[in-house]
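Each chain is listed here by its residues.
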Amino acid sequence: MQARGLAAGHGARVLFSGLDLVVAPGDVVGLVGVNGAGKSTLLRLLAGVDRPEQGTVAVSPPEATVGYLAQEVERRPGEDVAGHLARRTGVAAAESALSAAAEELAVDAPGADERYAQALERYLSLGAADLAERTDQVLADLGLAVDLELPMTALSGGQAARVGLAALLLSRFDVLLLDEPTNDLDLDGLARLERFVQDCRARGTGTVLVSHDREFLTRTVTTVVELDLAQQHVGVYGGGYESYLAEREVARRHAREAYDEYADTVSGLKERARMQRAWMDAGTRKAVTRQRDNDKIGRNKRVEQTEKQAAKARQTERLIERLPEVAEPRKEWELRYRIQAAPRSSSVVAVARGAVARRGSWTLGPVDLEIDAGDRIGITGPNGAGKTTLLQVLLGREPVVSGAVSLGPSVAVGEVDQARRSLVEDGTVGTVGTVGAVGTSGAAGAASAGGAAGAAGAAGAAGATVLRRFADQVPDWPESEVRTLLAKFGLTADHVLRTPVSLSPGERTRAALALLQARGVNLLVLDEPTNHLDLPAIEQLEAALELYDGTLLLVTHDRRMLEAVRLNRRLHVEHGAVTET
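Quick notes on the rules
- Residues numbered from 1 in each chain as written.
- Predicted model: local features only at pLDDT ≥ 70, side-chain atom pairs only at ≥ 80, totals over all residues.
- Heavy atoms only, no water.
- Helix = DSSP H or I, 4+ residues; strand = E, 2+ residues; numbered from the N terminus.
- Buried < 20%, exposed > 50% of the residue type's maximum accessible area, 1.4 Å probe, protein only.
- Contact = heavy atoms within 4.5 Å.
- Areas by Shrake-Rupley, 256 points an atom, 1.4 Å probe, with all protein chains shown as cover.
- Pairing = 2+ DSSP bridges.
- Axes fitted to C-alpha atoms, helices over the stretch in contact; angles between N-to-C directions.
- Phe/Tyr/Trp six-rings, centres within 6.5 Å; stacked < 30°, edge-to-face > 60°.

The name an unreviewed UniProt entry gives the protein chain is ABC transporter ATP-binding protein, with Nakamurella endophytica as the organism.

Next comes the structure, spelled out in structure tokens:
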């Protein structure tokens, strides 16, 4: 795949221009940059979903197949699991083309032989002939026991994510374009995806991917393309992700040094020109005050000196004009914040004694667990094992069928959950486009967090803005302070006057994190907080967690985060059982 001179933007805002990219067989290209830099836009241009404002995209040979996996699994009404897999792997389109070519061949249409041969070759190259057999094996490997005739709209979020991964593992495209394929994957899913990308590289499939999983990037990519929105620059770095980090640091240091040297030179020349102008003005004043002096020689000498100073000043100004201009490196927006700590809670934050929760035929527990003030606990386990349910049980939001659960007094809960649900449109749990819940003190306060979100949604008219819903959470704050805080999290005037559902997943997550800064908490519950955050924001979150001295419950599949965040306990949840490791 070859892209030349690509340009894209939103309105008057330029994302990138003059972008050149070559994807050779076996290349694994990682696209990195802050949220909003244009990574997803670039993938859509490469996939042919959108047309570039300038430039071209071509594949060689022209019949090469290109597969595009968007960020979120598209669940079309009326489409079952089998149909979704056939569509996402390109098999459905290949079958349709083969059928059309066969009909032409049957009536002996001109050129039908060649078109049928091409359609058949495409059908076979995409693995259509054995798709059904391979599907059964892949779904079994993923632990996804669903009927292939089940509508996609009937699947849970976790099931839909695994169907999306299955479509990827079943695909046999010549070029793969993957937009955040690591989102919502557990450690086993990440390992499978890594092996798949490595296999693609071995068999010569070109891959372009966007991911914020640093360990995944380190293990898979061969080239990094950085979309630097602040500098309006596209950088290409060979040698993998770790090499990119080192080269980027050197390049940024050199750029800063070059600008500092340029700025010092310009400042020195301007100061010299100022002094020369000052001497010239002083000479002119003397000539005027002594114009009646009959000493013509002295007068002429003073005029000559004044003219020399003027000439030197002009010469210095020309030197400044002739200096090659060095642009000042513009600093990217950074998410710098601290999680506001509430007064210390009781010595025991939460206790579960023989707690059992059930959802249909699935059971969590019995759970015996005590969480003390200051504990920093990492929680891991496969998708669907019960990690989120465990959090809800501990917070008193999920009823238990036996046993007991209690929160200590003076516990102020702050939560960023997977549903991101406090700035909902209508107050219903699980509404798309919602933002994290922050509770108050004690079991009642924890239980009221979701209720407060629902009340806010019910009270506000449909379409209430982010600013309005955020202000409802912090009623004592003036609007100017709310706007200032949201701006620190990259949510500008344009964002805060939109509805929560219209924000991107990354923007909704940053709004949830902003609530944690606005409200004091001493029990922080983070359920997959890095999903949809860009790399700089993830690093800033890790720094904030290092400074936070309250109790922490962290659910994440981000391997780098588990290493970077200071933890003193680890819990593993699998098959409904909770064990401490």
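More follows now that the structure is in view.
**Student:** So what about the overall build of the protein chain? Which residues, and what values?
**Tutor:** Looking only at helices and strands, one finds 18 helices and 19 strands in the protein chain. Looking at the protein chain residue by residue over its 581 residues, the buried ones come to 48%. For the protein chain, contacts bridging at least 24 residues in sequence account for 70% of all contacts bridging at least 6. Only carbon and sulfur atoms are counted for the fraction: they give 51% of the accessible area of the protein chain, which is about 27400 Å².

**Student:** How would you sum up the environment of Asn-35? Please name residues and give values.
**Tutor:** Take Asn-35: it is sitting in the loop between β3 (28–32) and α1 (39–47). Asn-35 sits 499 residues away from Asp-534 along the chain, and the two C-alpha atoms are 5.7 Å apart. Among all residues touching Asn-35, those that are not within four sequence positions of it are His-212, Gly-506, Arg-510, His-532, Leu-533 and Asp-534.

**Student:** Quick one: what's the story with the sheet that holds strand β13 (residues 402–407), residue by residue and with numbers?
**Tutor:** Taking strand neighbours across the sheet as the criterion, the 3 strands line up as β11-β10-β13 in an open arrangement whose pairing is antiparallel. Since the sheet does not close on itself, it has two edges, and those belong to β11 (362–372) and β13, each with one partner. Strand-to-strand twist in this sheet, taken as the mean axis angle between neighbours without regard to direction, amounts to 20°. Where strand β10 (residues 348–359) meets β13, 5 bridges bridge the pair, whose relative direction is antiparallel. Its bridge partner being in β13, Ala-350 is matched across the sheet by Leu-407. Contacts from helix α11 (residues 387–394) reach β10, β11 and β13 within the one sheet, and its direction differs from that of β11 by about 55°.

**Student:** Tell me about the packing of aromatic side chains, residues and numbers included.
**Tutor:** Under the defined criterion, the tally for this structure stands at 3 aromatic pairs. Ring centres 5.1 Å apart and planes at 70° place the aromatic pair Tyr-237 and Tyr-244 in the edge-to-face group. The exposure class of Tyr-237 is buried, given its relative accessible area of 11%. Residues Tyr-259 and Tyr-262 carry aromatic rings whose centres are separated by 6.4 Å and whose planes lie at 45° to one another, so their mutual orientation is tilted. In this pair, Tyr-259 and Tyr-262 both sit in helix α9 (residues 241–289), 3 residues apart, roughly one turn of the helix. Assigned by exposure class, Tyr-259 and Tyr-262 land together as buried. One aromatic cluster is present, formed by Tyr-237, Tyr-241 and Tyr-244 through successive ring pairs.

**Student:** Tell me about α1, and name the residues and values.
**Tutor:** Taken residue by residue, α1 has Lys-39, Thr-41, Leu-42, Leu-43, Leu-45 and Leu-46 as its buried positions. Among the residues trailing α1, Gly-48 stands out with phi positive, at a value near 80°.

**Student:** Please set out the sheet that holds strand β1 (residues 2–10) residue by residue, giving values where relevant.
**Tutor:** Strand pairing in a sheet relies on backbone hydrogen bonds, with the paired strands running either antiparallel or parallel. In space, the 3 strands of this open sheet follow the order β2-β1-β4, with antiparallel pairing throughout. If you trace the sheet from one side to the other, it starts and ends with β2 (13–22) and β4 (54–58), each paired once. With direction set aside, neighbouring strand axes in the sheet form an average angle of 30°. Pairing geometry for β1 and β2, over 6 bridges, is antiparallel. If you follow Ala-8 over to β2, its bridge partner there is Phe-16. Together, β1, β2 and β4 form the strand contacts of α1, whose direction differs from that of β1 by roughly 130°.

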